[in-house]
Amino acid sequence: MTQSVEPNIADLANGWLKKYKLPYKLEQESVNTEIDKALSDYYSKNGGVGGNRVDAKILLQDKKLNYYPILIEYKGYKNSLVKLDANHQVENKTAKNEPNFKNINSFAVNGAVHYANAILHHTSYTDIIAIGMTGYKDETGNIKHQIGVYFVSKTNFGIGQKVGEFSDFSFLASANFDVFIEKVKTLKLSQEEIDKLKEKREKEIDTSLRKLNHDIYDNEKGLGENDRVYLVAASIIATLGIPGKVAPLEKTDFKSSVEIGNTDGDIIVRKIKAFLDAKEIPEEKKNLILRTLQNTLTTENINKIQNGESQLKRVFTKIVDDLGIYYKIGLTTDFTGKLFNEMYGWLGFSQDKLNDVVLTPSYVSNLLVKLARVNKDSYVWDFATGSAGLLVSAMNEMLNDAKNTITSPEELTQKEIKIKAEQLLGLELLSSVYMLAILNMILMGDGSSNILNKDSLLDFDGNYGFGKTNSKFPADAFILNPPYSSDGNGMNFVEKALNMMNKGYAAIIIQNSAGSGRAKEYTKRILEKHTLLASIKMPVDIFIGKASVQTNIYVFKVNEKHHKDEMVKFIDFSNDGYTRTNRKKTSNNLKDTNQAKQRYEELVNLVRFGKSKLNIFTNKEYHEATIDPKNGADWNQLAPQDEKPTLQDFKKTVSDYLAWEVSTILKQQNIENRDLGK
């Protein structure tokens, strides 16, 4: 077996570090307490707890006074520099989205990226340089080396991007470091790459949430259904922190004391209060959040000390260790929606209620947002917001539009603040779900201002919930997945919302019986003031595992009476290109098996522009027709099927007949030939 030359590689590389007078630290040496603690807390390269010993580490500062942790891993074999996956990403996860310890252990870059994620997960540093170096002896006995330099950052979701080709470490020298960082800062991801990385990280979130779910359910007794949800929300809020104002709560901050006023519950409540104060959350909302969480956090059982620690500290540690990386890297996804789906077993809803609060899949949320024509200047509301997944999708669409159209950095910053503070409004009645919606929008950076714990049908007057409380929210985009057990399958929410709007568009996903007679009293009244633009039949398994109902998406133009001659676009989207399964242990229950992304894009274009955009869809799936505004039960039409045979049908029939006749003649000849042979 070839002998490793790792000692030679380490000697060569450390010699460079010494030559360039860099303040490097070897395995057992300390850079600073924050980095040391992060490496200790993060799971090791073998999957155990802690024990991450980096071969060499440095903390360097650029001319703008920003700090960059540099993590270097050495190996000693020819082919042990880096292991990439099919997408040319550092392959540190298995197909099941679990850590690939074989790669992390065997390849220099993979190990360095692993360490970098520890820093990203457990410290305030958001930009890290991961360096792998390996080598071998050639046939003459000379050492040959290879270097891999990767940028691991919040901006690339911790996956890492290759910086360039380097033959030594002189790019770290003080004379060259600023130029190197400028090169790092020019690294860009295409939208396609961003989407792939998000998709990859979202699958990892699902895996981590399942692990956390089972861990708490199996090992943490005595926690009520809502308590578990509130514990997760409280732990995440407490660890977010606000730079320069509120330090994130650390595991070591818990003292597991029985002293009155200084229990672990008291400590986390104080941290949450400090966070909400610094965020300038409205007093009424802040008190509601604190009161709701405090009821769980300060109970005697959760603060009881066993084996030197409280249950609260133990659960907090699990949450931060399993989930921290995902909200710290700023993943713009319906994070708590995924969390909520995992916690279904915890929330104790009846079967009817289960259908009422089911999470809208993110790709369906994005579809509703696009159908409602949301852009940076939209004012979007949702009257049954759940975990706020629809509003998260809307906010992402608005922020992306702002980035793509505003060229002034200062103007862009102000617009982003306005979008989050003034252009989103959601209402949710269930307190446990409302807390998740608040958490979701806080994680998104903070669109929580106008998330209201109110009955949208009885208690909402259309005004802002914060800031401009005496002003009407000027909604021009409405998105909704209503509780289907409500009147008219939820059409009561639609009628109220649309009637409170002066202009704009709406897109709702609802049980399709609402459009075929179940909600006639609502649908007829809606058409007296608003236009039905499109009716889209969705796949029956869109909510697989959570609810089994046939749904349609209805798209409206607001405040324009539906004319009897108005052409409505009817689209059968039963085949949306995705294959869904409901296997709990599978790593991916949603697979693009038939051009799903292209189908969703074409669907939006068909609703917006009409038949000219037909490409993947056929005339059997797309149909334009009128409806009777006074009927209210004819919203679910399908394209009429032409039973008249075509010339092609005739040709095929003749062809099939001729083929049959020739076959029959040949068989008869074979029989006659055999008979003659006898």
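Analysis parameters
Counting restarts for each chain, with residues numbered from 1 along the sequence as it is written. Totals for whole chains, interfaces and linings use all residues, but because this is a predicted model, local features are given only for residues with pLDDT of at least 70 and pairs of side-chain atoms are given and counted only at 80 or more. Only hydrogens and water are removed before side-chain values are computed, so all heavy atoms of the structure are retained for them. Strand pairing follows a simple DSSP-based rule, namely that at least 2 bridges must link the two strands. Only DSSP runs of H or I with at least four residues qualify as helices, and only runs of E with at least two residues qualify as strands; both kinds are numbered from the N terminus onward. With a 1.4 Å probe rolled over the protein chains alone, any residue whose accessible area is under 20% of its type maximum counts as buried; one over 50% counts as exposed, and the rest are partly exposed. Axes here refer to lines fitted to C-alpha atoms; in helices the fit is confined to the stretch in contact. Angles between the N-to-C directions go from 0 to 180 degrees. For classification, angles of less than 35 degrees are called roughly parallel, those exceeding 145 degrees roughly antiparallel, those between 65 and 115 degrees roughly perpendicular, and all remaining angles oblique. Handedness of each helix crossing follows the sense of rotation of the near helix against the far helix: counterclockwise by less than a right angle gives left-handed, clockwise gives right-handed. Pairs of residues are marked as contacts when any of their non-hydrogen atoms sit within 4.5 Å. Polar here means any residue outside two lists: the nonpolar Ala, Val, Leu, Ile, Met, Phe, Trp, Tyr, Cys and Pro, and the charged Asp, Glu, Lys and Arg; Gly therefore counts as polar. pLDDT gives the predictor's per-residue confidence on a scale running from 0 to 100. Throughout, the arc means that of the directions going from the helix axis to the C-beta atoms. With strands facing away from the observer, any crossover in which the path from the first strand over the helix to the second runs clockwise is taken as right-handed. In these notes, a set of buried Ala, Val, Leu, Ile, Met, Phe, Trp, Tyr and Cys residues joined through side-chain atoms within 4.5 Å is what counts as a nonpolar core. Each Phe, Tyr or Trp ring, with Trp reduced to its six-membered ring, pairs with another whose centre is within 6.5 Å; inter-plane angles below 30 degrees give stacked pairs, above 60 give edge-to-face pairs, and intermediate values give tilted ones. The rule is short: NZ of Lys or CZ of Arg within 6 Å of the ring centre and within 35 degrees of the ring normal puts a charge over the ring.

Before going further, it helps to spend a moment on the sheet that holds strand S3 (residues 67–74). The strand order across the open sheet formed by 6 strands is S1-S2-S3-S4-S5-S6, and the pairing between neighbours is mixed. At either margin of the open sheet sits one strand with a lone partner, and together these are strand S1 (25–26) and strand S6 (161–164). In terms of strand pairing, S1 meets strand S2 (residues 56–61) through 2 bridges, oriented antiparallel. Pairing of leucine 26 across the sheet is with alanine 56, part of S2.

To continue, consider the pairing of strand S5 (residues 143–153). Here 11 bridges tie strand S4 (residues 127–137) to S5, and the two strands are oriented antiparallel to one another. Paired with glycine 132 across the two strands is glycine 148, which belongs to S5. Two successive antiparallel strands, S4 and S5, enclose a turn made up of 5 residues, where glycine 141 displays a positive phi of approximately 90°. Relative to S6, S5 is paired through 3 bridges, and the arrangement is antiparallel. Counterpart to tyrosine 150 in the pairing with S6 is lysine 162.

With mixed pairing, the 9 strands of this open sheet are ordered in space as S11-S10-S9-S12-S13-S15-S14-S16-S19. At either end of the open sheet lies a strand with only one pairing partner, and these are strand S11 (451–452) and strand S19 (622–625). With 2 bridges joining them, strand S10 (residues 424–427) and S11 adopt parallel strand pairing. Looking at S11, one finds that glycine 426 is bridged to isoleucine 451.

All right, on to the environment of isoleucine 544 then. Here isoleucine 544 lies in the loop between strand S14 (531–537) and strand S15 (551–557). Assessed through its relative accessible area of 31%, isoleucine 544 is described here as partly exposed. Placed 79 residues apart in sequence, isoleucine 544 and histidine 623 show a C-alpha to C-alpha distance of 27 Å.

Two quantities define a packed helix pair, namely the angle between the helix axes and the distance between the axes. Close contact between helix H19 (residues 491–499) and helix H20 (residues 520–527) brings their axes to 9 Å; oriented N to C, the two are set at 20°. Overall, the two elements H19 and H20 adopt an arrangement that is roughly parallel. Relative to H20, H19 is oriented so that their crossing is left-handed. Only Tyr522, Thr523, Arg525 and Ile526 of H20 make contact with H19, whose side of the interface consists of Met491, Asn492, Val494, Glu495 and Leu498. Looking at the contact of H19 with H20, its residues break down into 5 nonpolar, 2 polar and 2 charged.

Here we take up unusual backbone geometry. Residues other than glycine seldom take positive phi values, yet histidine 88 does so here, at roughly 65°. Given a relative accessible area of 64%, histidine 88 falls into the exposed group. Despite not being glycine, glutamine 595 shows a phi value in the positive range, around 55°. Tracing the backbone shows glutamine 595 in the loop between strand S18 (590–592) and helix H21 (596–609).

We now examine the confidence of the model for the chain. Chain-level statistics for the chain give a pLDDT mean of 87 and a share of 91% at 70 or above. Here residues 345–355 is modelled with pLDDT under 50, and outside its nearest four sequence neighbours on either side it reaches 24 contacts, counting other chains as well.

Residues of H20 that are buried: Tyr522, Thr523, Ile526 and Leu527. For H20, the arc enclosing every buried residue in end-on projection is 125°, short of the 170-degree limit, so these residues lie on one face.

Bringing H19 into the picture now. Of all the 9 residues making up H19, 7 are buried; the element is thus mostly covered by neighbouring parts of the structure. Taken together, the buried positions of H19 are Met491, Asn492, Phe493, Val494, Glu495, Ala497 and Leu498. In this structure, the buried residues of H19 make contact with strand S9 (380–382), strand S12 (477–480), strand S13 (505–511), H20 and S15.

Turning our eyes to something else, we now look at the pairing of S12. Neither face of S12 is exposed, since Ala477 and Ile479 on one face and Phe478 and Leu480 on the opposite face are all buried. Relative to S12, S9 runs parallel, the two being bridged by 2 bridges. Bridged to valine 380 within S12 is alanine 477. Where S12 and S13 come together, 4 bridges link them in parallel fashion. Among the inter-strand pairings, leucine 480 is bridged to a residue of S13, identified as isoleucine 508. Handedness of the S12-H19-S13 crossover: right-handed.

Once that is clear, we can look at the nonpolar core. With 157 residues, the main nonpolar core has Ile268, Ile272, Trp381, Phe478, Met491, Ile536 and Phe556 as its most contacted residues. The biggest single contributor to this core is helix H11 (residues 311–328), with 9 residues. Beyond its immediate chain neighbours, meaning those up to four positions away, methionine 491 contacts Ile508, Ile510, Ala514, Ala519, Tyr522, Thr523, Ile526, Tyr554 and Trp635. Counting 32 residues, the second largest nonpolar core, distinct from the first, contains Ile58, Tyr68, Met133 and Leu172.

Time to look at the packing of helix H4 (residues 108–122) against H11. Across the interface, H4 lies against H11 with an axial gap of 8 Å and an inter-helix angle of 85°. Classified by the angle between their axes, H4 and H11 sit roughly perpendicular to one another. On H11, the residues touching Asn117, Leu120, His121 and His122 of H4 are Val320, Asp321, Gly324, Ile325 and Lys328. Along the lines of polarity and charge, the residues of the contact of H4 with H11 split into 3 nonpolar, 4 polar and 2 charged.

Our focus in this paragraph is the environment of lysine 620. Summarising the element assignment, lysine 620 is placed in the loop between H21 and S19. For lysine 620, the residues in contact, after removing those within four places along its chain, are Ala639 and Gln641.

Right, let's get into the packing of aromatic side chains. Per the stated rule, a full pass over the model turns up 22 aromatic pairs. On the basis of an interplanar angle of 80° and a centroid distance of 5.7 Å, the ring pair of phenylalanine 383 and phenylalanine 478 is categorised as edge-to-face. Of this pair, phenylalanine 383 sits in the loop between S9 and helix H16 (389–405) while phenylalanine 478 sits in strand S12, and the two are 95 residues apart along the sequence. An aromatic cluster is built from Trp16, Tyr68, Phe166, Phe169, Phe171, Phe177 and Phe180, whose rings are joined through pairwise contacts. Over the face of the ring belonging to tyrosine 505 we find arginine 373, whose NZ or CZ atom lies 4.0 Å from the ring centre.

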